[in-house]
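# Working through the structure, step by step
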Amino acid sequence: MKISIIDAGNFKLDGGAMFGVVPKTIWQKMVPADENNLCSWKMRCLMVEEKDRLVLIDTGMGDKQAQKWQNFYFRHGDGEIIKSIRDAGYHENEVTDVLLSHLHFDHCGGAVCWNSSKDAYRLTFPNAKYWTHSLHWESAMKPNPREKATFLTENLQTIIESGQLNFIEQIQNPLGDKFEFIYADGHTEKMIMPIINYTDQKIIFAADTIPSFAHIHVPYCMSYDVRPLQTMNEKSLILDRIVKENILLLFDHDVVNEVAEIEITDRGFKAKNLGKLYEFI
């Protein structure tokens with residue numbers, strides 16, 4: 001097995017929205033904001049090569065949206081999904097499976113791109129099966145008012161029309177026996193958090209349950225969560241398991257830190273070690 005970080009670029013979101021009820025005086029010490037109260041966030045994806053499978057976990061936001069839309073999120077940084085995949089030694093046509101933790105635009109937008117004439121959309125990974133949870137798909141197709149703006153029609157319609165959409169809970173061991181899946185309902189309906197068994201080290205892609213090192217403290221939840229109290233409960237259970245099983249926690253949105261080892265203290269969960277993935281495996 002080979003695991004590679006795939007950098008899909010950075011974007012900006014409101015710091016208050018990312019930390020919910022936590023005061024700015026606290027969170028800005030960990031994640032500084034600019035003059036508009038915006039913080040930079042990474043769109044970090046993961047490539048897992050295992051036997052004859054090449055599995056991409058999440059795809060970032062892509063670049064097919066109009067420039068005006070892109071400007072809302074201040075896209076910046078050197079990361080770009082296709083460039084990063086090729087820099088890792090792969091080609092987008094080689095990807096066999098695209099696992100979408102959830103269908104918010106910053107996680108699935110890169111799964112769909114323009115065709116060569118830019119008059120229609122196509123799958124970025126034409127030979128891949130696209131995986132999501134059926135209940136999450138249903139919630140994205142009939143979104144609640146809170147999430148409606150983040151489920152983009154061009155992403156969902158292109159995926160379903162391709163015939164390559166698959167529902168992960170309907171197939172036993174859909175990505176082989178090296179993958180395990182936890183489903184969370186706090187951030188959005190049935191978000192997928194894969195655990196990868198890499199040699200002697202388990203790695204969890206916790207997606208937006210714990211998007212950065214600054215969100216390890218259980219009450220630090222995003223305002224984007226549809227059920228924040230459930231997020232807190234899910235986060236507690238996940239972190240407890242991480243500590244007990246010595247699982248490496250991978251952050252999807254932390255600009256600086258890729259992964260962390262977690263410990264439990266008398267003040268709750270905290271990062272014991274932070275760093276790059278290659279430093280831990």
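Residues numbered from 1 in each chain as written. Predicted model: local features only at pLDDT ≥ 70, side-chain atom pairs only at ≥ 80, totals over all residues. Heavy atoms only, no water.

What follows is about the overall build of the chain. In terms of helices and strands, the chain carries eight helices and 14 strands. Whereas a compact globule of 281 residues would reach a radius of gyration of roughly 19 Å, the chain reaches 18 Å, a difference of no more than 12%. Dimensions along the principal axes, computed over C-alpha positions, put the chain at roughly 55 × 45 × 35 Å. Across the 281 residues in the chain, those meeting the buried criterion constitute 54%. Contacts in the chain between residues far apart in sequence, at least 24 positions, make up 67% of those at least 6 positions apart. In the chain, 30 positive and 39 negative side-chain charges are present, and the distance between their average locations comes to 2 Å. (Helix = DSSP H or I, 4+ residues; strand = E, 2+ residues; numbered from the N terminus. Rg over C-alpha atoms; globule rule 2.2 N^0.38 Å. Buried < 20%, exposed > 50% of the residue type's maximum accessible area, 1.4 Å probe, protein only. Contact = heavy atoms within 4.5 Å. Lys, Arg positive; Asp, Glu negative; His and termini not counted. Charge placed at Lys NZ, Arg CZ, Asp CG, Glu CD.)

Quick look at the nonpolar core now. With 46 residues, the main nonpolar core has Phe19, Leu56, Ile81, Phe125 and Tyr130 as its most contacted residues. Taken together, the elements giving at least two residues each to this core come down to strand 1 (2-14), helix 1 (15-19), strand 2 (38-50), strand 3 (53-57), helix 4 (81-87), helix 5 (105-108), helix 6 (134-141) and helix 7 (153-162). The element best represented in this core is strand 2, accounting for five residues. Every residue in contact with Phe125, bar those within four places of it in the chain, is listed here: Leu56, Thr59, Ile81, Ile82, Ile85, Glu92, Val95, Val98, Gly110, Ala111, Tyr130 and Gln164. Of all hydrophobic cores here, the second largest spans 39 residues; its members include Ile3, Val48, Ile247 and Leu250. (Core = buried A, V, L, I, M, F, W, Y, C linked by side-chain atoms within 4.5 Å.)

The subject of this paragraph is the state of the cysteines. For the coordinates displayed, the defined rule picks out zero disulfides. Cysteine Cys39 remains unbridged, with the sulfur of Cys221 as its closest cysteine sulfur at 16 Å. Cys108 supplies the cysteine sulfur nearest to Cys113, a cysteine that is in no disulfide, at a spacing of 13 Å. (Disulfide = S-S within 2.5 Å.)

Before going further, it helps to spend a moment on the pairing of strand 3. Across the five residues of strand 3, four count as buried, placing the element largely inside the fold. Judged from the five bridges that link them, strand 2 and strand 3 form a sheet pairing that is antiparallel. Within the sheet, the bridge partner assigned to Glu50 lies in strand 3 and is Arg53. Taking the residues between adjacent antiparallel strands as the criterion, strand 2 and strand 3 are bridged by two residues, where Lys51 takes a positive phi near 55°. (Pairing = 2+ DSSP bridges.)

Spatial ordering of the open sheet is given by 1-2-3-4-7-8, a layout of six strands whose pairing is mixed. Each end of this open sheet is capped by a strand with a single partner; those strands are strand 1 and strand 8 (165-167). Pairs of neighbouring strands in the sheet enclose a mean axial angle of 25°, with direction left out of account. As defined by bridge partners, strand 4 (residues 97-99) adjoins strand 7 (residues 129-132) across three bridges and the pair is classed as parallel. Across the sheet, the residue bridging to Leu99 is Trp131, located in strand 7. (Axes fitted to C-alpha atoms, helices over the stretch in contact; angles between N-to-C directions.)

The subject of this paragraph is empty space enclosed by the protein. One pass over the full model with this rule turns up one cavity of 30 Å³ or more. Here the largest cavity defines a volume of roughly 40 Å³. Every residue lining the largest cavity is listed: Met43, Arg44, Cys45, Asp58, Gly60, Asp106, His107, Asp252 and His253. Looking at the lining of the largest cavity, the elements with two or more residues in it are strand 2 and helix 5. (1 Å grid on protein atoms, 1.4 Å probe; cavity = no way out; pocket = protein on both sides within 12 Å on 5 of 7 lines; lining within 4 Å. Points joined across faces, edges and corners; volume = space filled by probe spheres on them.)

So, about helix 7. Every buried residue of helix 7 is accounted for by Asn155, Leu156, Thr158 and Ile159. Against helix 5, strand 5 (112-114), strand 6 (121-123), strand 7, helix 6 and strand 8 lie the buried residues of helix 7. Where helix 7 terminates, the next one or two residues include Gly163, which has phi positive at roughly 80°.

The next point concerns the sheet that holds strand 12 (residues 248-250). Taking strand neighbours across the sheet as the criterion, the six strands line up as 9-10-11-12-13-14 in an open arrangement whose pairing is mixed. Among the strands making up the open sheet, the edge pair consists of strand 9 (179-184) and strand 14 (268-275). On average, adjacent strands in this sheet sit at an angle of 30° to one another, irrespective of strand direction. As judged from the two bridges shared by strand 12 and strand 13 (residues 259-265), these two strands associate in the antiparallel manner. Of the residues in strand 13, the one forming a bridge with Leu249 is Ala260. Contacts from helix 8 (residues 228-245) reach strand 9, strand 10 (191-198), strand 11 (201-205), strand 12, strand 13 and strand 14 within the one sheet, and its direction differs from that of strand 13 by about 95°.

What follows concerns the side chain of Asn257. Structurally, Asn257 is set in the loop between strand 12 and strand 13. With relative accessibility at 12%, the residue Asn257 sits in the buried group. Not counting residues within four places of it along the chain, the set of residues in contact with Asn257 comprises Arg44, Phe213, Phe251, Leu274 and Gly275.

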